[in-house]
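# Reading the structure
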Amino acid sequence: MAQATFEEISAADFFYRNRDIAGFTNPTRAIFAAIRELVENSLDAAESIKVPPDIYVRLSFEGEASEETQIYRLRVKDNGTGIPPQHIPLAFGQVLYGSKYKLKQQRGTFGLGGKMAILYGQITTHQPALIISSTGGTRIYEYKIMIDIQKNRPVILDRRITLNKDGWRGTIIEFTLEGDYLRAMPKILEYFKQTAMVNPYANLTFVDPKGRLYIFKRATATMPDPPTETLPHPYGVDVELLQRLIQITTHGNMLDFLKNHFHRVGNVTAKRFLEFSGISPSKNPKKLSHDEIVRLVQMLRKFKDFLPPDAGCLSPLGEELLRTGILKELKPEFLAVHQRKPATYSGHPFIVEVAIAYGGEISQKNGFVIYRFANRIPLLYDEASDVSVKVIESMNWRRYKVAPDMPIAIVVHICSTKVPYKTVGKEFIADRPEVRREIANGLREVARQLQRFLSRREHADRDKKRLGVFSKYLPRIAEFSTKLAEKDKIPDIERLLRNVRRYGVE
Amino acid sequence: MSEPERSVLEKRKEVLDKLRGLGSRIYDQLERGVFPFIEMPVRSTENIYYDHVLRQFVLGDKRVKRSSRNIRHLKPFAQLVWAALFSYELTSQRKTSTLRDVYYSAQAYEMTFKDQQESNNIITDLETVLGYSREDFSIFPEERSAVFGDLTIRYTVPGYEGKTLNLTSHPDGVMIGPALTSAEFEETSADKVIAIEKGGLFTRFIEENVHKKFNAILVLTAGQAPRATRYFIRRLNRELKLPVYIFTDGDPWGMHIAMVIISGSANAAHLRDLTTPDAVWSGVWATDIVEYKLPTDPLDDIDMKRLYELQKDPRYQEDPLWQREIKTFMKIKRKAEQEAFSRYGLTYIVDEYLPAKLEETGQKGKTK
Ligand SMILES: Nc1ncnc2c1ncn2[C@@H]1O[C@H](COP(=O)(O)OP(=O)(O)OP(=O)(O)O)[C@@H](O)[C@H]1O
Ligand SMILES: [Mg+2]
């Protein structure tokens, strides 16, 4: 019998072996995913300091890799925070290293995306990545790095410091990767268009390998308020997190521990909870046994009287900006946007924003055009599995006088400190009843507005048609009866037509 | 009982006056700044009654208002006024047209009709509004029937005005078209009219000199008699005081051909002058089938259903003959065509049957 061998693999190795789950499935998906991850990092970096993002993406052809794939050089430049020099190697050279493990709404969550792109480039082209960044100080830092996959560590090949004469702030990332741009192109362009839609305050520029320039100009400089960081809500806590909190806490009793580490837990609520769960307020949290911790998590979930999380940690787009973005990219004839009140699922606050647009540049196909967004990221793959699509499909659209062949676009944006993605690839949202309910209620609201628009339009159409009929036949009647009565002068029918215009007659 | 029939010319003048009157009414309404409207009797079944004095269906008192104020009425209203103008021009220029023509002519005025049915309906509306049948305002049907016999007519149509024609001049008979319909009757030696359902028999009668042997004007109805033919038969009856005998197939449909000549149809309840109440149905009766032992076919379900309908029809209550024949049909459940007499030889029908039936039905056929 063969001896089983055990080995430990690093996080980088794990994701290298399982790059599918992060969206780097094939040369087509990979090139799309790389652009997407870097653009999202750049958007985060600019938004976190409330600067309207200026993002420049260039993809250039480097050479043939195989019959189907080419080597491209990808360069992404932004005007975001920049990265302090001491963090640069790790931020781009160590998987699961990031600044976004906090409880606030951001695009990045896993500490993985940018590195996956670089890692993919490295394993397909064996070239280092170049990172140039400045936080706006006197210097610009340049790093050439590769990732040691087995150790999950960055290897710094070169490091240069230049003077920041112009006071530039931002980050440039450049590396080569293998891919199939021709196949990926439609999705990439769609990605930019949709990103522009939910980030109407961003300037996006894309130069593709053929030298074609795509510019998505910002329509406003107004940005949503950045989210504030927040403590975990008791309903969203698991054993893992609780253990981590106990480890770092400086509070020596349960009452203070609860009051200081949990979202919306004050003195009164903490006391009532401890009474409910039969835990002594003076107990030292560090003394809790494993079983007690497990029980505490269960009690936290059972207790009914925690206040719901507040949504200050969320940064929804807002109805105004959503409207601006959709008008800019779809130029619809009619648009209704609606933001739901904050809601929660398992202790995580979330806000659903929906919109419905009619006509304009929306194509008329059989079925709606559906735009799905999460934390201002367009979701372009796996549409059929997404909760929004399920909700849209289960709605009785005929009730709203909506027919499947109308040029209608539906936009669903969900923002949350923890978007319930089904995979690390961040492509579709799981079907949670709370989320489903919010989406459904939101859609009903905008659908009602669409219905009002459609029936108003139908009325206007009918009035126009009616006037058309009268304008066509009354003059005929006048003409024929004049001839029939053997008169010379045709009677004036303007007065009758005015009546029709004013009252619509019968 | 009959009022003297108006002369063809008089009638045309009346029709023209009515048409012009319709135009003036609409014109005045427009001048006054109101949406023009017209009223006419309702033509649907709940407003159709049988008039025992006139011995035909008539319309009751229910009336509809067609107003150009109502968007649904607007197009038909314009079409009606157009049809009135079209008929007015035809009639005053003494031209004629057909229903099919009307449908196409409208397109020249950008008054397209959706289909033939729509334009036919508008013409029927115009008949109802005016109380005249469309032949009176120069719109004739496509189907044409024929007449043969010693009757001299004088044309009134342009180009033939004053010319005369004897209706024996063509051995196939003379077509009952607009020219004949509007002709005046000059003189005749005939003392009766025999109307025949089928062309074959009509030709046989001419060949066998029925017109001479029986002193008759022969009219081919060619199935259900067109309205122009019904009007023509009425004129023969009214103006020349000739009794009218009708010979049809021996089945419910033949029987009804005779009935429509006598009492008209519900479809024409809005019209007068299309009936000949004194005409008689001389055969082929159900009782003839029995008596003459004619070769027969069985009555099928549709025939039987028709018989039940006719049994309840007020027109069939007038004379016990109808009920008796209907019952006989129902009993024997057989039908026979006019040609069935050929089993006794080609001339049997002329030599034996016809004189017998003229004799039998002659009593009642006498005109007053
Ligand atoms: N353009 C940038 N400007 C400033 N900081 C950046 C930029 N790109 C990356 N970073 C920093 O590097 C960290 C790692 O980025 P990475 O994309 O690997 O993970 P993430 O964005 O945190 O999570 P995710 O896996 O969801 O993308 C980020 O958390 C951020 O702090
Ligand atoms: Mg990221």
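As shown above, the structure is provided for reference.
First, a word on what this report is: a plain description of the structure on this page. (Residues numbered from 1 in each chain as written. Chains lettered and ligands numbered in written order. Predicted model: local features only at pLDDT ≥ 70, side-chain atom pairs only at ≥ 80, totals over all residues. Heavy atoms only, no water.)

Turning next to the overall build of chain A. Within chain A, the regular secondary structure consists of 13 helices and 14 strands. Going through the 506 residues of chain A one by one, you find that 53% of them count as buried. Pairs at least 24 apart in sequence give 72% of the contacts found in chain A among residues at least 6 apart. About 23,700 Å² of surface is accessible on chain A, with carbon and sulfur atoms providing 50% of the total. (Helix = DSSP H or I, 4+ residues; strand = E, 2+ residues; numbered from the N terminus. Buried < 20%, exposed > 50% of the residue type's maximum accessible area, 1.4 Å probe, protein only. Contact = heavy atoms within 4.5 Å. Areas by Shrake-Rupley, 256 points an atom, 1.4 Å probe, with all protein chains shown as cover.)

What follows concerns the interface of chain A and chain B. Of the residues lining the interface, 26 residues belong to chain A; the matching set on chain B comes to 29 residues. For the pairing of chain A and chain B, the buried interface totals around 2,600 Å² over both sides, and the portion due to carbon and sulfur atoms is 73%. Ranking the residues of chain A by area buried against chain B places Ile477(A), Phe480(A) and Leu484(A) at the top, with a combined share of 28%. Counting the contacts that link chain A with chain B gives two salt bridges. Here Arg20(B) ties to Glu486(A) by a salt bridge, and the two come within 3.9 Å at their closest N and O atoms. Seen at the junction of chain A and chain B, the total is four residue pairs in polar contact (both at pLDDT 80 or more). Contributions of two or more residues to the side of chain A that touches chain B are made by helix H12 (433–484) and helix H13 (494–503) of chain A. (Buried area = accessible area lost by both parts, 1.4 Å probe. Salt bridge = Lys/Arg side-chain N within 4 Å of Asp/Glu carboxyl O. Polar contact = N/O pair within 3.5 Å; in protein donor to acceptor, adjacent residues only side chain to side chain.)

What follows concerns unusual backbone geometry. All names here are of chain B. The omega angle of the peptide bond from Gly283 to Val284 is 0°, so this bond is cis rather than trans. Its place among the elements puts Val284 in the loop between strand S15 (280–283) and helix H10 (286–291). In the Ramachandran plot, Arg55 falls in the positive-phi region, its phi being about 55° despite a non-glycine side chain. One can find Arg55 in the loop between strand S2 (48–51) and strand S3 (56–59). For Ala222, which is not a glycine, the phi torsion comes out positive at approximately 50°. In this fold, Ala222 is placed in the loop between strand S13 (216–220) and helix H8 (227–239). Overall, the relative accessible area of 44% leaves Ala222 in the partly exposed class.

This part is about the packing of helix H2 (residues 71–92) of chain B against helix H4 (residues 116–130) of chain B. Residues and elements named next belong to chain B. Relative to each other, H2 and H4 sit at 70°, their axes nearing to 9 Å. Judged by the angle between their axes, H2 and H4 are roughly perpendicular. Counted together, Lys75, Pro76, Gln79, Leu80, Ala83, Ala84 and Ser87 of H2 and Glu118, Ile122, Ile123, Asp125, Leu126 and Val129 of H4 form the full contact between these two elements. (Axes fitted to C-alpha atoms, helices over the stretch in contact; angles between N-to-C directions. Parallel < 35°, antiparallel > 145°, perpendicular 65-115°, else oblique.)

Attention shifts here to helix H6 (residues 239–248) of chain A. Counting along an α-helix, one turn takes 3.6 residues, and residues three or four places apart therefore face a common direction. All names here are of chain A. Listed in full, the buried residues belonging to H6 are Leu242, Leu245 and Ile246. Viewed along the axis of H6, the buried residues span an arc of 100°, placing them on a single side of the element. The outward face of H6, more than 90 degrees from its buried face, is lined by the exposed residues Glu240, Arg244, Gln247 and Ile248. Buried positions along H6 lie against helix H7 (254–261) and helix H9 (290–302). (Arc of directions from axis to C-beta.)

In total, this model carries 50 salt bridges over all chains according to the counting rule given. Residue Asp386(A) pairs with Arg372(A) through a salt bridge whose shortest N-O separation is 2.8 Å. Remark: Arg372(A) occurs in strand S12 (residues 369–374) and Asp386(A) occurs in the loop between strand S13 (377–379) and helix H11 (387–394); sequence separation between them is 14 residues. Judged by its relative accessible area of 1%, Arg372(A) falls in the buried class. A salt bridge links Arg94(B) to Glu161(B); the nearest nitrogen and oxygen atoms lie 3.4 Å apart.

The subject of this paragraph is helix H9 (residues 252–263) of chain B. Residues and elements named next belong to chain B. Taking 1.5 Å as the rise per residue, H9 with 12 residues should run 16 Å; its terminal C-alpha atoms sit 16 Å apart, in good agreement. Counting buried residues along H9, 11 of its 12 residues qualify, which places the element largely inside the surrounding structure. Among the residues making up H9, those that are buried are Pro252, Gly254, Met255, His256, Ile257, Ala258, Met259, Val260, Ile261, Ile262 and Ser263. At the N-terminal end of H9, a side-chain oxygen is found 3.0 Å from the backbone nitrogen of Trp253, two or three residues along, and the residue is Asp251. Gly264 lies just past H9 and shows a positive phi near 80°. (Expected span 1.5 Å × (residues − 1).)

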